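# Structural features, examined
So the chains spell out like this:
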Amino acid sequence: MSEQSTDLREAVRRRYAAAAVQVTDGGTTCCGPEPVEVDENFGSTLYAADERDTLPAEALAASLGCGNPTAVAELREGERVLDLGSGGGIDVLLSARRVGPTGRAYGLDMTEEMLELALANAAKAGATNVEFLKGTIEAVPLPAHTIDVVISNCVINLSVDKPAVFAETFRVLRPGGRIGVSDVVADDTLTAEQRAERGDYVGCIAGALSFAEYRAGLESAGFTDVEITPTHAVADGMHSAVVRATKPTTAPGPAATVPSAETDSCCGVTACCTPAEQATDPSVTVSEAKSTAGCACQN
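Here's what I pulled together on the structure shown here. Because the structure is a prediction, the values reported are computed rather than measured.

Glancing now at the packing of aromatic side chains. For the structure on display, the rule yields 2 aromatic pairs. Here Phe166 and Tyr214 contribute two aromatic rings whose centre-to-centre distance is 5.4 Å and whose plane-to-plane angle is 50°, an arrangement assigned as tilted. Here the residue Phe166 occupies a position in helix α6 (residues 162-172), and Tyr214 occupies one in helix α8 (residues 211-221), the gap between them amounting to 48 residues. Overall, Phe166 belongs to the buried group, its relative accessible area being 4%.

Structure, rendered in C-alpha coordinates:
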(Lines give C-alpha, C1' and ligand atoms only; values in the text may rest on other atoms or scores of the structure.)
Protein backbone atom coordinates (compact mmCIF):
# COMPACT_ATOMS: atom_id res chain seq x y z
CA MET A 1 0.00 0.00 0.00
CA SER A 2 1.36 3.44 -0.92
CA GLU A 3 2.07 6.09 1.70
CA GLN A 4 -0.82 8.19 0.38
CA SER A 5 -3.21 5.24 0.64
CA THR A 6 -2.05 4.53 4.18
CA ASP A 7 -2.60 8.17 5.11
CA LEU A 8 -6.11 8.14 3.62
CA ARG A 9 -7.05 4.95 5.47
CA GLU A 10 -5.77 6.45 8.72
CA ALA A 11 -7.78 9.61 8.09
CA VAL A 12 -10.91 7.48 7.66
CA ARG A 13 -10.14 5.50 10.81
CA ARG A 14 -9.62 8.68 12.85
CA ARG A 15 -12.87 10.19 11.63
CA TYR A 16 -14.96 7.17 12.55
CA ALA A 17 -13.15 6.65 15.84
CA ALA A 18 -13.98 10.24 16.75
CA ALA A 19 -17.61 9.71 15.77
CA ALA A 20 -17.86 6.67 18.04
CA VAL A 21 -16.29 8.55 20.94
CA GLN A 22 -18.67 11.46 20.39
CA VAL A 23 -21.63 9.12 20.74
CA THR A 24 -20.36 7.13 23.71
CA ASP A 25 -18.59 9.83 25.74
CA GLY A 26 -19.14 13.36 24.59
CA GLY A 27 -22.49 13.60 22.84
CA THR A 28 -25.16 13.13 25.49
CA THR A 29 -28.14 15.46 25.67
CA CYS A 30 -31.21 15.42 27.92
CA CYS A 31 -32.99 13.33 25.30
CA GLY A 32 -30.25 10.76 24.71
CA PRO A 33 -26.99 10.61 22.71
CA GLU A 34 -26.50 13.45 20.25
CA PRO A 35 -26.23 12.31 16.61
CA VAL A 36 -22.94 12.77 14.78
CA GLU A 37 -23.29 15.91 12.68
CA VAL A 38 -24.45 15.05 9.15
CA ASP A 39 -26.80 16.63 6.64
CA GLU A 40 -30.16 15.31 5.49
CA ASN A 41 -28.49 13.05 2.90
CA PHE A 42 -26.78 10.92 5.55
CA GLY A 43 -27.67 9.29 8.85
CA SER A 44 -30.53 7.54 10.62
CA THR A 45 -33.26 9.72 9.07
CA LEU A 46 -32.94 7.53 5.97
CA TYR A 47 -34.49 4.64 7.93
CA ALA A 48 -38.21 4.15 8.46
CA ALA A 49 -39.64 5.21 11.81
CA ASP A 50 -40.65 1.65 12.72
CA GLU A 51 -37.06 0.52 12.12
CA ARG A 52 -35.58 3.32 14.22
CA ASP A 53 -37.94 2.49 17.07
CA THR A 54 -36.44 -1.00 17.43
CA LEU A 55 -32.84 0.19 17.83
CA PRO A 56 -30.74 1.60 20.69
CA ALA A 57 -30.38 5.38 20.54
CA GLU A 58 -26.60 5.03 20.28
CA ALA A 59 -26.89 2.96 17.10
CA LEU A 60 -29.02 5.67 15.51
CA ALA A 61 -26.71 8.44 16.70
CA ALA A 62 -23.66 6.78 15.13
CA SER A 63 -25.30 6.22 11.76
CA LEU A 64 -23.27 7.90 9.00
CA GLY A 65 -24.58 6.02 5.97
CA CYS A 66 -26.10 7.39 2.78
CA GLY A 67 -28.96 4.89 2.51
CA ASN A 68 -30.69 1.87 4.00
CA PRO A 69 -29.17 -1.28 2.47
CA THR A 70 -31.28 -3.65 4.57
CA ALA A 71 -34.37 -2.28 2.83
CA VAL A 72 -33.10 -3.32 -0.62
CA ALA A 73 -31.14 -6.50 0.13
CA GLU A 74 -34.32 -8.62 0.37
CA LEU A 75 -32.99 -10.55 3.35
CA ARG A 76 -34.65 -13.86 4.12
CA GLU A 77 -35.02 -16.05 7.19
CA GLY A 78 -31.93 -18.13 7.90
CA GLU A 79 -29.50 -16.20 5.70
CA ARG A 80 -25.96 -15.20 6.65
CA VAL A 81 -25.32 -11.50 6.12
CA LEU A 82 -22.04 -9.55 6.18
CA ASP A 83 -22.01 -5.76 6.63
CA LEU A 84 -18.82 -4.15 5.33
CA GLY A 85 -17.83 -1.21 7.54
CA SER A 86 -20.50 -1.87 10.14
CA GLY A 87 -19.77 1.14 12.37
CA GLY A 88 -22.12 1.38 15.35
CA GLY A 89 -24.03 -1.68 14.15
CA ILE A 90 -27.30 -0.20 12.87
CA ASP A 91 -27.44 -2.32 9.71
CA VAL A 92 -26.20 -5.45 11.48
CA LEU A 93 -28.96 -5.18 14.07
CA LEU A 94 -31.64 -4.59 11.44
CA SER A 95 -30.28 -7.51 9.38
CA ALA A 96 -30.31 -9.78 12.43
CA ARG A 97 -34.01 -9.11 12.90
CA ARG A 98 -34.74 -9.87 9.24
CA VAL A 99 -32.81 -13.17 9.07
CA GLY A 100 -34.18 -14.36 12.41
CA PRO A 101 -32.71 -16.75 14.97
CA THR A 102 -31.70 -19.30 12.32
CA GLY A 103 -29.69 -16.68 10.44
CA ARG A 104 -26.62 -14.68 11.41
CA ALA A 105 -25.44 -11.13 10.83
CA TYR A 106 -21.73 -10.27 10.78
CA GLY A 107 -20.31 -6.77 11.06
CA LEU A 108 -16.78 -5.96 9.89
CA ASP A 109 -15.01 -2.76 10.95
CA MET A 110 -11.40 -1.65 11.34
CA THR A 111 -12.09 0.87 14.12
CA GLU A 112 -11.81 -0.33 17.73
CA GLU A 113 -14.04 2.45 19.02
CA MET A 114 -16.84 1.59 16.58
CA LEU A 115 -16.57 -2.11 17.38
CA GLU A 116 -16.90 -1.39 21.09
CA LEU A 117 -19.96 0.77 20.42
CA ALA A 118 -21.48 -1.90 18.16
CA LEU A 119 -21.03 -4.62 20.79
CA ALA A 120 -22.69 -2.40 23.38
CA ASN A 121 -25.57 -1.69 21.01
CA ALA A 122 -26.04 -5.40 20.28
CA ALA A 123 -26.22 -6.10 24.01
CA LYS A 124 -28.79 -3.34 24.52
CA ALA A 125 -30.85 -4.68 21.61
CA GLY A 126 -30.67 -8.24 22.99
CA ALA A 127 -29.36 -9.50 19.64
CA THR A 128 -27.87 -12.97 19.95
CA ASN A 129 -27.39 -13.81 16.25
CA VAL A 130 -24.78 -11.13 15.55
CA GLU A 131 -20.99 -11.14 15.51
CA PHE A 132 -18.58 -8.26 15.03
CA LEU A 133 -15.15 -8.79 13.47
CA LYS A 134 -12.15 -6.51 13.35
CA GLY A 135 -10.55 -6.12 9.95
CA THR A 136 -10.52 -4.20 6.70
CA ILE A 137 -12.98 -4.59 3.86
CA GLU A 138 -10.04 -5.24 1.53
CA ALA A 139 -9.12 -8.44 3.46
CA VAL A 140 -12.25 -9.96 5.00
CA PRO A 141 -11.39 -12.39 7.85
CA LEU A 142 -13.93 -15.04 6.79
CA PRO A 143 -13.55 -18.17 4.67
CA ALA A 144 -14.70 -18.34 1.05
CA HIS A 145 -18.28 -19.23 0.06
CA THR A 146 -19.79 -18.67 3.52
CA ILE A 147 -22.04 -15.61 3.15
CA ASP A 148 -25.44 -15.32 1.47
CA VAL A 149 -25.68 -11.53 1.29
CA VAL A 150 -23.14 -8.69 1.57
CA ILE A 151 -24.41 -5.23 2.48
CA SER A 152 -22.63 -1.94 3.07
CA ASN A 153 -23.70 1.63 3.74
CA CYS A 154 -21.61 4.40 2.23
CA VAL A 155 -18.32 2.66 3.03
CA ILE A 156 -16.93 1.13 -0.18
CA ASN A 157 -16.36 4.63 -1.54
CA LEU A 158 -13.95 5.19 1.38
CA SER A 159 -11.70 2.29 0.38
CA VAL A 160 -8.30 3.03 -1.12
CA ASP A 161 -8.36 -0.32 -2.98
CA LYS A 162 -11.84 -0.90 -4.39
CA PRO A 163 -10.82 -3.80 -6.71
CA ALA A 164 -9.71 -5.67 -3.58
CA VAL A 165 -13.07 -4.94 -1.92
CA PHE A 166 -14.98 -6.30 -4.91
CA ALA A 167 -12.73 -9.38 -5.10
CA GLU A 168 -13.11 -10.10 -1.37
CA THR A 169 -16.87 -9.63 -1.54
CA PHE A 170 -17.04 -12.11 -4.41
CA ARG A 171 -14.80 -14.57 -2.54
CA VAL A 172 -16.82 -14.75 0.68
CA LEU A 173 -20.18 -15.03 -1.07
CA ARG A 174 -21.54 -18.48 -1.77
CA PRO A 175 -22.41 -19.24 -5.43
CA GLY A 176 -25.73 -17.56 -6.05
CA GLY A 177 -25.07 -15.04 -3.26
CA ARG A 178 -25.75 -11.35 -3.77
CA ILE A 179 -24.89 -7.84 -2.70
CA GLY A 180 -27.23 -5.02 -1.72
CA VAL A 181 -25.15 -1.92 -1.12
CA SER A 182 -25.79 1.77 -0.59
CA ASP A 183 -22.90 3.91 -1.78
CA VAL A 184 -21.98 7.30 -3.20
CA VAL A 185 -21.53 7.17 -6.98
CA ALA A 186 -20.45 9.94 -9.36
CA ASP A 187 -21.76 10.89 -12.76
CA ASP A 188 -19.59 9.46 -15.53
CA THR A 189 -18.82 12.97 -16.74
CA LEU A 190 -17.03 14.00 -13.53
CA THR A 191 -13.27 13.69 -13.34
CA ALA A 192 -11.48 12.62 -10.17
CA GLU A 193 -10.48 16.25 -9.63
CA GLN A 194 -14.08 17.40 -9.92
CA ARG A 195 -15.19 14.77 -7.40
CA ALA A 196 -12.51 16.00 -5.00
CA GLU A 197 -13.80 19.58 -5.37
CA ARG A 198 -17.21 18.46 -4.08
CA GLY A 199 -15.95 17.05 -0.79
CA ASP A 200 -13.05 15.44 1.03
CA TYR A 201 -12.17 11.76 0.92
CA VAL A 202 -13.40 10.82 4.39
CA GLY A 203 -16.66 12.64 3.71
CA CYS A 204 -17.56 9.96 1.15
CA ILE A 205 -17.21 12.17 -1.92
CA ALA A 206 -13.68 12.28 -3.31
CA GLY A 207 -13.25 8.50 -3.26
CA ALA A 208 -16.48 7.74 -5.13
CA LEU A 209 -16.41 5.72 -8.34
CA SER A 210 -18.42 6.75 -11.38
CA PHE A 211 -21.37 4.65 -12.48
CA ALA A 212 -19.30 3.10 -15.30
CA GLU A 213 -16.30 2.46 -13.03
CA TYR A 214 -18.49 0.82 -10.39
CA ARG A 215 -20.10 -1.49 -12.94
CA ALA A 216 -16.76 -2.38 -14.51
CA GLY A 217 -15.23 -3.11 -11.10
CA LEU A 218 -18.00 -5.50 -10.10
CA GLU A 219 -18.01 -7.26 -13.45
CA SER A 220 -14.22 -7.64 -13.39
CA ALA A 221 -14.54 -9.35 -10.00
CA GLY A 222 -16.99 -11.85 -11.54
CA PHE A 223 -20.39 -10.39 -10.60
CA THR A 224 -23.38 -10.51 -12.93
CA ASP A 225 -26.79 -8.81 -13.01
CA VAL A 226 -25.23 -5.53 -11.89
CA GLU A 227 -27.76 -2.77 -11.17
CA ILE A 228 -26.83 0.72 -9.97
CA THR A 229 -29.84 2.91 -9.19
CA PRO A 230 -29.42 6.49 -7.92
CA THR A 231 -31.77 7.42 -5.07
CA HIS A 232 -30.94 11.02 -4.15
CA ALA A 233 -28.28 13.65 -4.82
CA VAL A 234 -25.63 14.27 -2.17
CA ALA A 235 -23.71 16.91 -4.17
CA ASP A 236 -23.63 18.27 -7.71
CA GLY A 237 -23.18 15.21 -9.93
CA MET A 238 -22.85 12.88 -6.92
CA HIS A 239 -25.56 10.47 -5.86
CA SER A 240 -26.49 8.04 -3.16
CA ALA A 241 -27.20 4.86 -5.07
CA VAL A 242 -28.42 1.32 -4.50
CA VAL A 243 -26.03 -1.26 -5.95
CA ARG A 244 -27.13 -4.84 -6.56
CA ALA A 245 -25.20 -7.72 -8.12
CA THR A 246 -25.07 -11.52 -8.02
CA LYS A 247 -22.34 -14.12 -7.80
CA PRO A 248 -23.08 -16.73 -10.49
CA THR A 249 -24.29 -20.11 -9.28
CA THR A 250 -21.54 -21.72 -11.34
CA ALA A 251 -18.84 -20.01 -9.28
CA PRO A 252 -16.48 -22.76 -8.05
CA GLY A 253 -15.91 -23.91 -4.51
CA PRO A 254 -17.89 -25.76 -1.81
CA ALA A 255 -19.61 -23.97 1.05
CA ALA A 256 -17.58 -23.79 4.23
CA THR A 257 -18.51 -23.44 7.86
CA VAL A 258 -18.28 -19.87 9.15
CA PRO A 259 -16.09 -19.75 12.27
CA SER A 260 -17.08 -17.95 15.42
CA ALA A 261 -14.82 -15.20 16.68
CA GLU A 262 -15.11 -16.83 20.09
CA THR A 263 -13.11 -19.85 18.89
CA ASP A 264 -10.20 -17.62 17.83
CA SER A 265 -9.80 -19.72 14.71
CA CYS A 266 -10.53 -19.56 11.02
CA CYS A 267 -9.33 -20.95 7.73
CA GLY A 268 -7.99 -24.14 9.29
CA VAL A 269 -5.73 -22.39 11.80
CA THR A 270 -5.97 -21.37 15.43
CA ALA A 271 -5.08 -17.86 16.64
CA CYS A 272 -6.03 -16.66 13.16
CA CYS A 273 -4.07 -13.64 11.91
CA THR A 274 -1.86 -13.47 15.03
CA PRO A 275 1.80 -14.41 15.58
CA ALA A 276 0.62 -17.54 17.45
CA GLU A 277 -1.00 -19.15 14.38
CA GLN A 278 -0.93 -22.92 14.14
CA ALA A 279 -2.62 -25.22 11.64
CA THR A 280 -5.45 -27.26 13.18
CA ASP A 281 -4.20 -30.22 11.12
CA PRO A 282 -0.57 -30.80 12.20
CA SER A 283 0.21 -32.51 8.90
CA VAL A 284 -0.08 -29.23 6.93
CA THR A 285 1.52 -25.82 7.23
CA VAL A 286 -0.36 -22.65 8.14
CA SER A 287 -0.05 -21.33 4.58
CA GLU A 288 -1.33 -24.62 3.14
CA ALA A 289 -4.34 -24.57 5.50
CA LYS A 290 -5.20 -21.00 4.54
CA SER A 291 -4.71 -21.63 0.84
CA THR A 292 -7.05 -24.62 0.97
CA ALA A 293 -9.71 -22.58 2.81
CA GLY A 294 -9.40 -19.61 0.48
CA CYS A 295 -8.86 -17.27 3.43
CA ALA A 296 -7.87 -13.68 2.71
CA CYS A 297 -6.02 -13.33 6.00
CA GLN A 298 -2.73 -14.72 4.78
CA ASN A 299 0.79 -13.74 5.76
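Okay, back to it.
Moving on to α8. Within α8 the residues assigned to the buried category are Phe211, Tyr214, Gly217, Leu218 and Ala221. Down the axis of α8, the buried set is contained in an arc of 135°. They therefore lie on one face. In this structure, the buried side of α8 is in contact with α6, β7 (173-186), β8 (209-210), β9 (224-235) and β10 (238-246). Gly222 sits one or two positions beyond α8 and adopts a positive phi of about 115°.

The buried fraction of helix α4 (residues 90-99) amounts to 8 of the 10 residues, a majority that puts the element mostly inside the structure. Of the positions making up α4, those classed as buried are Ile90, Asp91, Val92, Leu93, Leu94, Ser95, Ala96 and Val99. Gly100 lies just past α4 and shows a positive phi near 75°.

The rules behind each value
- Residues numbered from 1 in each chain as written.
- Predicted model: local features only at pLDDT ≥ 70, side-chain atom pairs only at ≥ 80, totals over all residues.
- Heavy atoms only, no water.
- Phe/Tyr/Trp six-rings, centres within 6.5 Å; stacked < 30°, edge-to-face > 60°.
- Helix = DSSP H or I, 4+ residues; strand = E, 2+ residues; numbered from the N terminus.
- Buried < 20%, exposed > 50% of the residue type's maximum accessible area, 1.4 Å probe, protein only.
- Arc of directions from axis to C-beta.
- Contact = heavy atoms within 4.5 Å.

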